[in-house]
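The chain contents come next:
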Amino acid sequence: MNTLLILVLTAIVVHGIEGSQDKKDAGLGVYGGKTVSIKKFPYLVSYLYDGIYIGSGNIVSKSWSLTTAHFIYGFNPKYLTVVAGSDDGATGSQFQAVKIVFHPSFDSKELDYNYACVKVKGHFRWSAKVKPIRLPKSNPQPDTVTKVASWGYIDDKSGRMPFPLHGGEMTLLSQDECSNRLSTFNYSWNERLGCAFNQGKTTLCFGDFGAPFVADSLLYGMFIDVPDYDQSCSSAYPYPVLVSSVAPVVSWIRSVVSHN
């Protein structure tokens, strides 16, 4: 198992993603979220690397899912399993990944162009639990309320156990609001980098990589990361989370899907 994967998995265990305030639930779903059925998020897939949950993606065609690039960069697709139609992130329709295509401008040391397309062997079969998500023509209006969802796991003596899907709502903020709230971090804001917030109710954390931000059945963004791990992840997390905006790269996504 490569060093990058070990670092990612270690951080997931340390920081977790939780679905309740109970201490034993550290490592679960969306912070402040509620248990939901995959039927409400049928486009969502989980990624298992060497059998271990590492993040999620979003179905965009019969053989492709879209996610953020940074957490699967450097991984060998032959060890990557894509799970569709799953309430717990582990059981469901499993597909072997055969190709990962990163955006040509992606730099693993930067936040910009944080996109990757993952192709599976065979095809997803459409059902109430498995459906593609529509792609937007433009970025949403500021303060658009979106639905978010993600899995997590319990790390206990018996090993890493899958946990039910959790969901909630977060608001995509304007570029100015993102810049103001995250001014101490000196991010280079552009149409591809946004942020989302719902302090006191819902947030995402390490392990929710690739989680979707959806409004009006359109995939407007995907979770990149939180800006500061010195702050404990919880629904009271004081900063907006970072988001890769999808609309600016729709033409690239469609090119990858249609030509590979």
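That block above? That's the structure.
Computed from a predicted structure; not experimentally measured.

Considering the nonpolar core
Among the nonpolar cores identified, the biggest contains 42 residues, and Phe124 and Phe213 are the most heavily contacted of them. Counting 28 residues, the second-largest nonpolar core is a separate cluster that includes Leu48, Leu66, Leu165 and Ile253.

Thoughts on the packing of aromatic side chains
Per the stated rule, a full pass over the model turns up 15 aromatic pairs. With a centroid separation of 6.2 Å and an interplanar angle of 15°, the aromatic rings of Phe102 and Phe106 are classed as stacked. An angle of 10° between the planes, with centres 6.2 Å apart, marks the rings of Phe209 and Phe223 as stacked. Pair noted here: Phe209 is in the loop between β10 (193-197) and β11 (212-215) and Phe223 is in strand β12 (residues 218-225), with a separation of 14 residues, a long-range link. Owing to a relative accessible area of 0%, Phe223 belongs among the buried residues under this scheme. An aromatic cluster is defined as three or more aromatic residues linked by ring pairs; in this entry it consists of Phe185, Tyr187, Trp189, Tyr237 and Tyr239. For the cation-ring pair, Arg192 lies above Tyr113, with the distance from its terminal atom to the ring centre recorded as 4.0 Å.

Reading the values: rules and limits
Residues numbered from 1 in each chain as written. Predicted model: local features only at pLDDT ≥ 70, side-chain atom pairs only at ≥ 80, totals over all residues. Heavy atoms only, no water. Core = buried A, V, L, I, M, F, W, Y, C linked by side-chain atoms within 4.5 Å. Buried < 20%, exposed > 50% of the residue type's maximum accessible area, 1.4 Å probe, protein only. Phe/Tyr/Trp six-rings, centres within 6.5 Å; stacked < 30°, edge-to-face > 60°. Helix = DSSP H or I, 4+ residues; strand = E, 2+ residues; numbered from the N terminus. Lys NZ or Arg CZ within 6 Å of the ring centre and 35° of its normal.

Function cannot be inferred from these measures alone, as they are strictly geometric.
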